[in-house]
Amino acid sequence: MCELTHGKSAMTMLQEPASQPQPPSHPASPDTVCQQLQAAGDLLAWLTEQEETLLKALKAERITVYKLSPDGREIVSWFLSGHDTGEIRLPLSPRSIAGYVAMNQRSIRIDDVYDEQYLASLHPDLRFDVSVDFSSGFLTRAIAAFPMKSNGTLIGVFQMINCTANPDGVFSDREMAAGQTLAMAIANKLHPGSNTLNSPFDYLIQRNRLSLEKLQKYSTLASQNRTSIFQTLMTDGGLTIEEIGASLEHYYHVPFQAFDPTLKLDNCWMEGLNRKYLIRKCWLPVGGDRHKAVILIDNPNDVDRLNELQQVVGAPAYEFRVGLTEDILRFLGLEAIDISQETAASNQELGLDDLLGRLKEEKEKEAEISTVSHQGFTPSELLDETAPAVVQLVNKLITDAIKSNVSDIHIEPSKNAPANVRFRIDGECRHVLEIPADHIRAVVARIKVMSRLDITENRMPQDGKMTVRLKDSLHELRVATIPTVVGEGAVLRVLATANAVPFDGLNLSPRNLQTSERLLEHPHGIFLVVGPTGSGKTTTLHAFLSRINTPERKIWTAEDPVEITQPGLQQVQVQPKIGFTFAAALRSFLRADPDVILIGEIRDQETAHSAVEASLTGHLVFSTLHTNSAPETITRLLDMGLNPINFADALVGILAQRLVRTLCKECKQSYTPSPSEIERLMLAYGKEYFPELEIEPSEVRLCRPVGCPACGGTGYRGRTGVHEVLEASPEIKTLIARGQGVSEIRAQAMQEGMRTLLQDGVLKVLKGQCDILQLKKVVAG
């Protein structure tokens, strides 16, 4: 394409028009022209016949009507007045004024098309296409262009050139208003069906595949289920994806693109784009080359998003396609299995016993089919992971688990006996149901399908994960399948998706609360939270971070997995399989100007050494270990090979914790303990320390479990933490530097005020939060 520079010298390269059309004394008004246009039979024939009248009414030297091509990739000249230059095809791109208007869907007035500085102020790539002027010898001075839209749908572009009422050719506000009116009239004439409904469902209604009553019904249902109307039309309305796509193409005038799992998003326009940003904006480049980007978006008429993506992508030209929101999110890797509906054919709530009954019914039907067809299949071979009852049963198990705050689902096969299903609630497993032995393979296979595991491999353990949608919330589950001698079993861990627990919600004792607050004020050092798996270490760490998370602090976290998120934190997921370990993450954080660093777990000497070094160089470091008590943590790290002097200098404090089941608040019963019970409590706390509680033994009241519907008849509901907090005092640091053992460090810490896990648990028993039986299950003493 030839370019001209700004100025008169460039303009003289073009021929001036032979004469300027003079407007008549009484030209037809734009309103009159619009009325005649609407009454016309053949629009193109009318425009050709009334060309002179039209130009006089608009006070324009020339006009051009561009129509959007059927594939939505470009605009094509449909009517050109005053000259015959052949067909003009322009991509939706800032490389031409009409293409820019089509892409942004906003009117524009340019007083001097050769003013490159002004064009660049509108868009860095905006330019005037001089090829038409060169080929015709016509001089374009000013342009007014309008998107032709009907009910929000882009039909094309209407363009006026050179105002005849102004010596400079500049269009006034009056001519702009007239042009806008005519653009709307032409759009409505070209797209008459748009006047019947202002929705993307015209195609379906006109073909009697949908009625207004059903549309309203499914819209309400989609709102209740927190799903899109298109998804509801397919699952409940019986429409196909092809019908939905045709309706969207009819409305938006761009091609429809459904989800294709084989499509690789490795095109040049995806480079540098943030996945979370694309998920939030719901669009992405699905193809193209360096000359054009192919954009998939759920609403091609959203002008604001079109303008924004143009700035982000920066392509010379664009081709737009429309897709379902769910499909766009699947392209971006956010695929969630919707388990809110038990089945598309029935909306009634089914219990686990009902679903097991359906399993038996489907098995019997399959057996009959096998007998009739004489294919020799056994019933167990016929019932697979796609059977509706199997799908519903797995969905129901996951749904009930999430609603009951279950941490793990255990599916355990047995030899020649039904498989057991157990839920771990508040740290203890509860039997839920039994799955017939000949159904368990199909159930495990269904779980594998949902987790994208290999259903043909049942000799090796497999690990995966699934994301499920329950009503309006997403839940992630980690899945482990393990082959046993009696069949393949599965364990599904429901990952926490809640926000951080507030610091005051940790139920720390007054002494532990004050000590922890003091330790969190340190500007640098290493603070450890220790305990076995599932003892709430991550929850406590995030509560600590929420306490110190201020705009003045830069906080980095490396976790596996990232279960709790907080605004203001930069959180990363480690991936040991590719070499991105905790140690590697820590090294990268140190180059990213941190104030606070959280390392999910210290597993080896390299990570331990890096954490100590980071704390010694002016950073506050948090991490976890799997140890039984705070004093034992010190000897464990020294055994890893840490320098005792450096570690002593770096250590701020250690918090050890366990989770103990709490008594149900609805049904717990208060009672006066016997003297022997009081004696056991005093011995557990330590008779020499008991007076500090300022509790008269004769006045002690305890609580016992009873059982009610709220707690499932167990008497326990929820868990709370028991803690011990060791502060790295100068005396403790001296013992560490000297390499002293656990007993010496514990004795010094208790002399300074530390109380053990058992002592903190006894305090919570005396408060009526738990009983001694549950405490003994988690704390040795």
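Below: a short report on this structure. (Residues numbered from 1 in each chain as written. Predicted model: local features only at pLDDT ≥ 70, side-chain atom pairs only at ≥ 80, totals over all residues. Heavy atoms only, no water.)

1. Topic: the packing of aromatic side chains
Given two aromatic rings, one states the distance between the centres and the angle between the planes to describe the pair.
Here's step 1: Tallied over the full model, the rule gives eleven aromatic pairs.
Here's step 2: On the numbers, 5.2 Å between centres and 25° between planes, the contact of Trp556 with Phe589 is stacked. Note that Trp556 is positioned in strand S18 (residues 555–559) and Phe589 in helix H22 (residues 582–589), a separation of 33 residues in sequence.
Here's step 3: Judged by relative accessible area, Trp556 falls into the buried class, the value being 15%.
Here's step 4: For Phe589, a relative accessible area of 2% corresponds to the buried category.
Here's step 5: Clustering of aromatic rings is evident, with ring pairs tying together Phe503, Phe527, Phe544 and Phe622.
Here's step 6: Taking the ring centre of Phe138 as reference, the NZ or CZ of Arg62 above it sits at 3.8 Å.
Here's step 7: Residue placement shows Arg704 over the ring face of Tyr671; its charged tip is 3.9 Å from the ring centre. (Phe/Tyr/Trp six-rings, centres within 6.5 Å; stacked < 30°, edge-to-face > 60°. Helix = DSSP H or I, 4+ residues; strand = E, 2+ residues; numbered from the N terminus. Buried < 20%, exposed > 50% of the residue type's maximum accessible area, 1.4 Å probe, protein only. Lys NZ or Arg CZ within 6 Å of the ring centre and 35° of its normal.)

2. Here we look at the sheet that holds strand S9 (residues 318–322)
Here's step 1: In spatial order, the strands read S7-S8-S9; together these three strands make up an open sheet with mixed pairing. The outermost strands of the open sheet, each flanked by one partner alone, are strand S7 (283–289) and S9. Put simply, the sheet's adjacent strands are angled 25° from each other on average, direction ignored.
Here's step 2: Summarising the sheet, S7 and strand S8 (residues 292–297) pair through six bridges and their orientation is antiparallel. Bridging from a neighbouring strand, Pro285 pairs with Ile295 of S8. (Pairing = 2+ DSSP bridges. Axes fitted to C-alpha atoms, helices over the stretch in contact; angles between N-to-C directions.)

3. Side note on empty space enclosed by the protein
Here's step 1: In total, this model carries two cavities of 30 Å³ or more according to the counting rule given.
Here's step 2: One number sums up the size of the second largest cavity: a volume of about 90 Å³.
Here's step 3: In this structure, the second largest cavity is lined by 13 residues; those nearest its centre are Leu92, Gln105, Leu154, Val254 and Pro300.
Here's step 4: Residue composition of the lining of the second largest cavity, grouped by class: ten nonpolar, three polar and no charged. (1 Å grid on protein atoms, 1.4 Å probe; cavity = no way out; pocket = protein on both sides within 12 Å on 5 of 7 lines; lining within 4 Å. Points joined across faces, edges and corners; volume = space filled by probe spheres on them. Nonpolar A, V, L, I, M, F, W, Y, C, P; charged D, E, K, R; others polar.)

4. Focus on the sheet that holds strand S5 (residues 143–150)
Whenever strands of a sheet pair, they do so through backbone hydrogen bonds, lying parallel or antiparallel.
Here's step 1: Here six strands make up an open sheet; going across it, the order is S3-S2-S1-S6-S5-S4 and the pairing antiparallel. Strand pairing shows two members of the sheet lacking a second neighbour, strand S3 (89–91) and strand S4 (108–110), which therefore form its edges. Taken pair by pair, the neighbouring strands of this sheet meet at an average axis angle of 25°, ignoring direction.
Here's step 2: Sheet topology note: the S4/S5 ladder contains three bridges and is antiparallel. Residue Ile108 lies in a different strand from S5, and its bridge partner there is Ala145.
Here's step 3: Most of the contacts of helix H8 (residues 173–190) go to S5, to which it runs at about 35°, and overall it touches strand S1 (60–68), strand S2 (74–80), S4, S5 and strand S6 (153–163). (Contact = heavy atoms within 4.5 Å.)

5. Considerations on the packing of helix H27 (residues 730–737) against helix H28 (residues 742–751)
Here's step 1: Relative to each other, H27 and H28 sit at 175°, their axes nearing to 10 Å. It follows that H27 is roughly antiparallel to H28 by the angle criterion. For the pair H27 and H28, the contacting residues are Glu731, Ile732, Leu735 and Ile736 in the first and Glu744, Ile745, Gln748 and Ala749 in the second.
Here's step 2: By residue class, the composition of the contact of H27 with H28 is five nonpolar, one polar and two charged. (Parallel < 35°, antiparallel > 145°, perpendicular 65-115°, else oblique.)

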